[in-house]
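Report on the structure
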Amino acid sequence: MSGKIRNYYAGGNTAKGFYSLYEDALNQLNRLFILKGGPGTGKSSLMKAVGEQMVSKGLDIEYLHCSSDNNSIDGVIIPKFKIGIVDGTAPHVIEPKAPGIIDEYVNLGVAWDSEKLAVHKEEILKLNKEISRKFQTAYDTFAAALKAHDDIEEIYINNMDFEEANQLTNELITLFFDDDTSNKKSTVKHRFLGAATPKGAVDFIQNLTEDVEKRYFIKGRAGSGKSTMLKKIAAAGEAKGFDVEVYHCGFDPHSLDMVILREQGIAIFDSTAPHEYFPERETDEVVDMYTRCIAPETDEKFAEDIARTTKPYKDKMKEGVSYLAEAKQLRDKLESFYIEAMDFTKIDQIKMEILEEIEKVINKE
C-alpha cells in the first residue's frame, strides 16, 4: 500500500516580501539534509525521487512546494521518522542548528564543471541581478494590492456586527471542543495552504482536507472577520492541548486562511476567492459570516465603492503575478547554464547516499 502525499508551502511571495515559515516546518525533525547548489543542479528532482521512494514503501510524506516554480519542490519530510530534505539556498537560506548531529549540508556544487560556468560568468551575474529586481517589483506590487484590499475591507468593517462575530466564533469553539481536552502539550504547525506563483494563485486545500471528516467552508467578504475567527479557534485548540495546523494567507501572511484539528476530525477554512470551494460531501458545512455578521444589503448599498476598490486590487495582483512569471523565465535561462555544466551521475550518487542514510534511520526503528 502506497503512502499518502500531503502538499503545502513553507514560504511565499507575499505583500510583505518573501515570507518564510521554514524554521517552523523543520524544527521538530531529528535529521535534516540541507541541499546547497545553484539553480538547475537537481535539488528538486532529488527530493522528489526520495519522496517517491518513501511513498512506494508505504510511508506518508509531505512536499514543501516552491512558490516561484510550479514544477519544483523546496523540501520533503517523512513525518513518521522526523527526517527531512530541504533546499537551503536563497531566499530560504537554512542554517544548521546541530551540524553533524541533526543537520547535514549536502553540496551539489561538487557535480558542476566550474570552467563551463565561468564562460557565462557575466551573464549569470546579470541574470541574478535581474531576477532579484523582478521579485522585488512583484513584492512591491503585491504591497500595493494589499493597500487596495484594505480599502475593500474598510467598507465591510464599518458595517460589521462584532458582537455577533464573537458569538459565532464562541459557538464554533464550543461545537469543535465542547469540554474535550487533550492530556498533552499542543503541537502547533505554521504553514501556507497556497501561494502566488508564476501561474497565478495555487492552493492545496483539497489535498490537505481530503482525509478530514468534517469541513467548514467560511463564506464572507474582506474584513468580515474570517482570519480573526480562525486565530481564536487555533488558540482554543492549543489551550486545550490539541495539535493545531495553522495555515497562513499566501497574500498577507499575518492573516490566516485555514485551521485543521486532525485529532477532532475538523478543518475550517476561508472558502472565498482565490481559493473558493463549495460543499461536496454530506458532512461539509458552510459558515456564512456575511449573512450572520454584516449589515443586510451592504453589497447593494456600497456596490459602486466596492467595484471601485476591487478593480485596483485585482489589477495589482495580476500585475504582481506577471513579474513572478518574468522572474521564472529568467531563472529558466540561468538554470540552463548550470544544467549544461552538471554531471548528473554525481547527483544520482548523492541521492543514493542520502537514501542509504534514511534507510539506516528507518531500520533502527
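Above this text is the structure in question.
A brief structural summary.

Rules used in this analysis
- Residues numbered from 1 in each chain as written.
- Predicted model: local features only at pLDDT ≥ 70, side-chain atom pairs only at ≥ 80, totals over all residues.
- Heavy atoms only, no water.
- Helix = DSSP H or I, 4+ residues; strand = E, 2+ residues; numbered from the N terminus.
- Polar contact = N/O pair within 3.5 Å; in protein donor to acceptor, adjacent residues only side chain to side chain.
- Salt bridge = Lys/Arg side-chain N within 4 Å of Asp/Glu carboxyl O.
- Core = buried A, V, L, I, M, F, W, Y, C linked by side-chain atoms within 4.5 Å.
- Buried < 20%, exposed > 50% of the residue type's maximum accessible area, 1.4 Å probe, protein only.
- Contact = heavy atoms within 4.5 Å.
- Axes fitted to C-alpha atoms, helices over the stretch in contact; angles between N-to-C directions.
- Left-handed = near helix turned anticlockwise from the far one by under 90°.
- Nonpolar A, V, L, I, M, F, W, Y, C, P; charged D, E, K, R; others polar.
- Pairing = 2+ DSSP bridges.

A few points about the environment of Thr283
- Along the chain, Thr283 falls in the loop between strand S15 (266-270) and strand S16 (285-288).
- Of note is the side chain of Thr283, whose polar atom sits 3.0 Å from the backbone oxygen of Glu213.

Observations regarding the pattern of salt bridges
- Under the defined criterion, the tally for this structure stands at 25 salt bridges.
- Note that Glu285 and Lys214 form a salt bridge whose closest N and O atoms lie 3.1 Å from each other. Of the two residues, Glu285 is situated in strand S16 and Lys214 in strand S12 (residues 214-219); the sequence distance between them amounts to 71 residues.
- One network of salt bridges, with partners in common, ties together Lys4, Arg6, Glu62, Arg191, Asp211, Glu245 and Arg262.

Considerations on the environment of Val119
- Turning to its location among the elements, Val119 is positioned in the loop between helix H3 (114-118) and helix H4 (121-157).
- Each C-alpha atom of the pair Val119 and Phe337 lies 9.4 Å from the other, and the pair is 218 residues apart in sequence.

Points about the nonpolar core
- The biggest cluster of nonpolar side chains holds 58 residues, and the ones touching the most others in it are Phe142, Phe176, Met229, Ile233, Phe251 and Ile268.
- Ranked by residues supplied to this core, first place goes to H4 with 13 residues.
- Contact partners of Ile268, with chain neighbours within four places excluded, come to Leu172, Phe176, Tyr216, Ile218, Met229, Leu230, Ile233, Asp257, Met258 and Val259.
- Judged by nonpolar contacts, the second largest core, of 27 residues, contains Tyr8, Ile34, Ile205 and Leu208.

Quick word on the packing of helix H2 (residues 43-56) against helix H11 (residues 344-364)
- Taken N-terminus to C-terminus, the directions of H2 and H11 make an angle of 40°; their axes are 10 Å apart at the nearest point. Classified by chirality, the crossing of H11 by H2 is right-handed. Here Leu46, Ala49, Val50, Gln53 and Met54 of H2 lie close against H11, whose contacting residues are Ile347, Ile350, Lys351, Ile354, Leu355, Ile358 and Ile362.
- In terms of residue class, the contact of H2 with H11 is made up of 10 nonpolar, 1 polar and 1 charged.

Regarding the pairing of strand S5 (residues 61-65)
- Within S5, 5 of the 5 residues are buried, leaving the element largely enclosed by the surrounding structure.
- Side chains Ile61, Tyr63 and His65 project from S5 onto one buried face, and the interleaved Glu62 and Leu64 project onto a second face that is buried too.
- Of the pairings in the sheet, the one linking strand S1 (residues 5-9) to S5 comprises 5 bridges and is parallel in character. By the bridge assignment for S5, Tyr9 is matched with His65.
- Where S5 and strand S6 (residues 73-78) come together, 4 bridges link them in antiparallel fashion. Each residue of the ladder has a partner; that of Tyr63, found in S6, is Val76.

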